[in-house]
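The chain contents come next:
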Amino acid sequence: MKFMLAVSLLLWPMLSQAEALPGPLVRIYNQDQEFVREFYAYDSQLTIGVNAVIVDVTGDGREEIITAPQAGAAPHLKLFSLAGTLLTPGWFAFAEDFRGGVNLATGDLTGDEVDDLIVAQASSGQAWVKAYDLTTTEPQVITEFLAYPETFTGGAYVAAGDLDGDSRAEIITGAGAGGGPQVRVFDRHGDWTGLAFFPFPEDFRGGVTVAAGNLNQDATDELVVGQASSAQAWVKVYDSDGERIISTFKAYPAAVQYGVTVAVADKKIITGPGSDGGPQIREFTAQGENVTNWFGYEETFRGQTNVQYSPTRQRYVVTVAPIKNEPIITGPKVALTFDDGYSSPNGSFNKILDTLKAHNVRVTFFLLGDWIEDHPTEMRRLIADGHEIANHSYNHPLFTILTEAQIRNEVLATETLIKQYGVDPKPNFRYPYGGHNAYTDAILTSLGYRAWSWTASTGDTGPNDTITGVRNGALANLHDGGIILAHVSSDATAAALDDIITTIQAAGYSIVKVSQLDS
């Protein structure tokens, strides 16, 4: 089996104004971590993440780079040469309107000594997995199956490894964010082999990254797993049957609570931070001894780092894309925010989104967990339209009368639901009713959040819920750095929104998300 190393980075908003956003950029480095070349896998103006693997899947003796978008774009797979030349127009791994991202892996499933491509819906959807034979003119589906129950919509991570010594790889899956951290193994037909286990506590909901490779030169590959997000960067190495732990180690310091991505290549374990970390790539022995550290991109970047490597070509592939990066807005600006999520019977939700889209305005939605649970279609539209998803608690209680445990449950339950759509709401939170004190603030800070209040309100949940009333409320106290509060459920807000946006912009203000106020 061939091993690969690729790096993908989900960049966070730490770019200076002078730095250009890299977009879905693929970078190639040699075995000494020296830059070789770069190219865009998708439109350079897209602010999406991109995954990549480097492997010979066509059987022509030459390795290619296969790319897939992360959350926010259609699941369009592409095939490039190592020089960055597009070799095929590509194809859609899943439905063209799916926007949850695609995870990639490769392995020889059929025993023909040519690696096959394995893909999975990464988030915001069921854990569908497909495997392709790419040695023919058109991609041929080898198998297609659901890795986890159909009720689970957190997607899956994928890997491949020969776990039984028959010279054919098995498909390994790890549950995406929102589900318990279960690892499962399937044969080339998509049939479960009977191997399934929880490498981390069953109540952990940050997802589990998976990899496989021969670390000890025996007849079978070992399994490597990591906590994917919202936790310390714990990595575990298991034998091929998932019963014996070979080693356990933290890939990054204990203070790093971003999770970790894992890969195996050249008898080494290669890691990257799972979400908010700098793009530091670390390589370890099977026993967890750190042997190499280097940065796959500028050290100022923050985000998820995925790693693949080709010993055959001695090439690293590094992909960077600013999923969390927001354009820097200069000049006066006002944040427009909407709370809760619930629509009126007259369709206020879609009317508000239609108006925002018509004006090409993207804003912040502070959403309730109990609304998110029942509205997957609306959630996908919010994300597809480019709006910022923030946390507003699970069912809107007054926080000042809650215990610490209740506060944590309200915040973390909604965080988990949002992460199932491939979006991290941190650090943006709004207290229900705006009610807070020093006690609630300390708890919120410990969970990694900052609270956003407002400087103007439409008043659309009270007696001023008229078109004139919400317009006047929204435009009162208009100033640079102002934050306007509105509610999705108001028909009056939906009717007045066009006028509100036009008036704000005519006054010389840009309408932004709350995360853009500090830029």
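Preceding block: the structure.
Residues numbered from 1 in each chain as written. Predicted model: local features only at pLDDT ≥ 70, side-chain atom pairs only at ≥ 80, totals over all residues. Heavy atoms only, no water.

Let's shift gears to the sheet that holds strand S22 (residues 280–284). Spatial ordering of the open sheet is given by S20-S21-S22-S23, a layout of 4 strands whose pairing is antiparallel. Of all the strands in the sheet, just strand S20 (260–265) and strand S23 (290–295) have a single pairing partner and so form its edges. For this sheet, the mean inter-axis angle between neighbouring strands, taken without regard to orientation, is 20°. In the sheet, S22 pairs with S23 via 5 bridges, with the strands oriented antiparallel. Bridge assignment links Phe284 to a residue of S23, and that residue is Asn290. (Pairing = 2+ DSSP bridges. Helix = DSSP H or I, 4+ residues; strand = E, 2+ residues; numbered from the N terminus. Axes fitted to C-alpha atoms, helices over the stretch in contact; angles between N-to-C directions.)

Here we take up helix H3 (residues 376–384). Listing the buried residues of H3 in full gives Met379, Leu382 and Ile383. Projected down its long axis, H3 carries its buried residues within an arc of 95°, all on one side. A positive backbone phi angle near 90° is found at Gly386, which sits one or two residues after H3. (Buried < 20%, exposed > 50% of the residue type's maximum accessible area, 1.4 Å probe, protein only. Arc of directions from axis to C-beta.)

Turning our attention to empty space enclosed by the protein. This structure, assessed with the given rule, holds 2 cavities of 30 Å³ or more. Considering only enclosed or pocket space, the largest cavity measures out at about 50 Å³ in volume. Around the largest cavity, the lining residues are Arg99, Gly100, Ser124, Arg380, Ile383 and Tyr421. Looking at the lining of the largest cavity residue by residue, the class counts come to 2 nonpolar, 2 polar and 2 charged. Residue assignment places the lining of the largest cavity across two domains, with domain 1 (25–321) and domain 2 (333–516) each supplying three or more. A volume near 40 Å³ is recorded for the second largest cavity. Lining the second largest cavity, in full, are Val334, Thr455, Ala456, Ala474, Ala476, Asn477, Leu478, His479, Gly482, Ile483 and Ile484. Take the lining of the second largest cavity: its biggest share by element is 3 residues, from strand S33 (residues 482–487). Taken together, the residues of the lining of the second largest cavity sort by class into 7 nonpolar, 4 polar and no charged. (1 Å grid on protein atoms, 1.4 Å probe; cavity = no way out; pocket = protein on both sides within 12 Å on 5 of 7 lines; lining within 4 Å. Points joined across faces, edges and corners; volume = space filled by probe spheres on them. Nonpolar A, V, L, I, M, F, W, Y, C, P; charged D, E, K, R; others polar. Domains from an automatic or database assignment.)

Reading across the sheet, the 4 strands line up as S8-S9-S10-S11 and stay open at both edges, with antiparallel pairing between neighbours. Two strands close off the open sheet at either side, each with one partner strand: strand S8 (102–107) and strand S11 (140–146). This sheet shows a mean twist of 20° between the axes of neighbouring strands, independent of strand direction. The pairing of strand S10 (residues 128–133) with S11 spans 6 bridges and is antiparallel. Bridge pairing links Trp128 to Leu146 in S11.

Now for the pattern of salt bridges. One pass over the full model with this rule turns up 10 salt bridges. Across the pair Glu283 and Lys268 runs a salt bridge whose closest N-O atoms are separated by 2.8 Å. Linking Glu283 in strand S22 with Lys268 in strand S21 (residues 268–273), this pair joins segments that are 15 residues apart in sequence. What makes Lys268 partly exposed here is its relative accessible area of 24%. A salt bridge links Arg381 to Asp354; the nearest nitrogen and oxygen atoms lie 2.6 Å apart. Residue Arg381 is found in helix H3, and its partner Asp354 is found in helix H1 (residues 348–358); the two are separated by 27 residues along the sequence. Taken together, the shared-partner salt bridges in this structure form one network comprising Asp354, Arg381 and Asp385. (Salt bridge = Lys/Arg side-chain N within 4 Å of Asp/Glu carboxyl O.)

These figures capture arrangement, not role.
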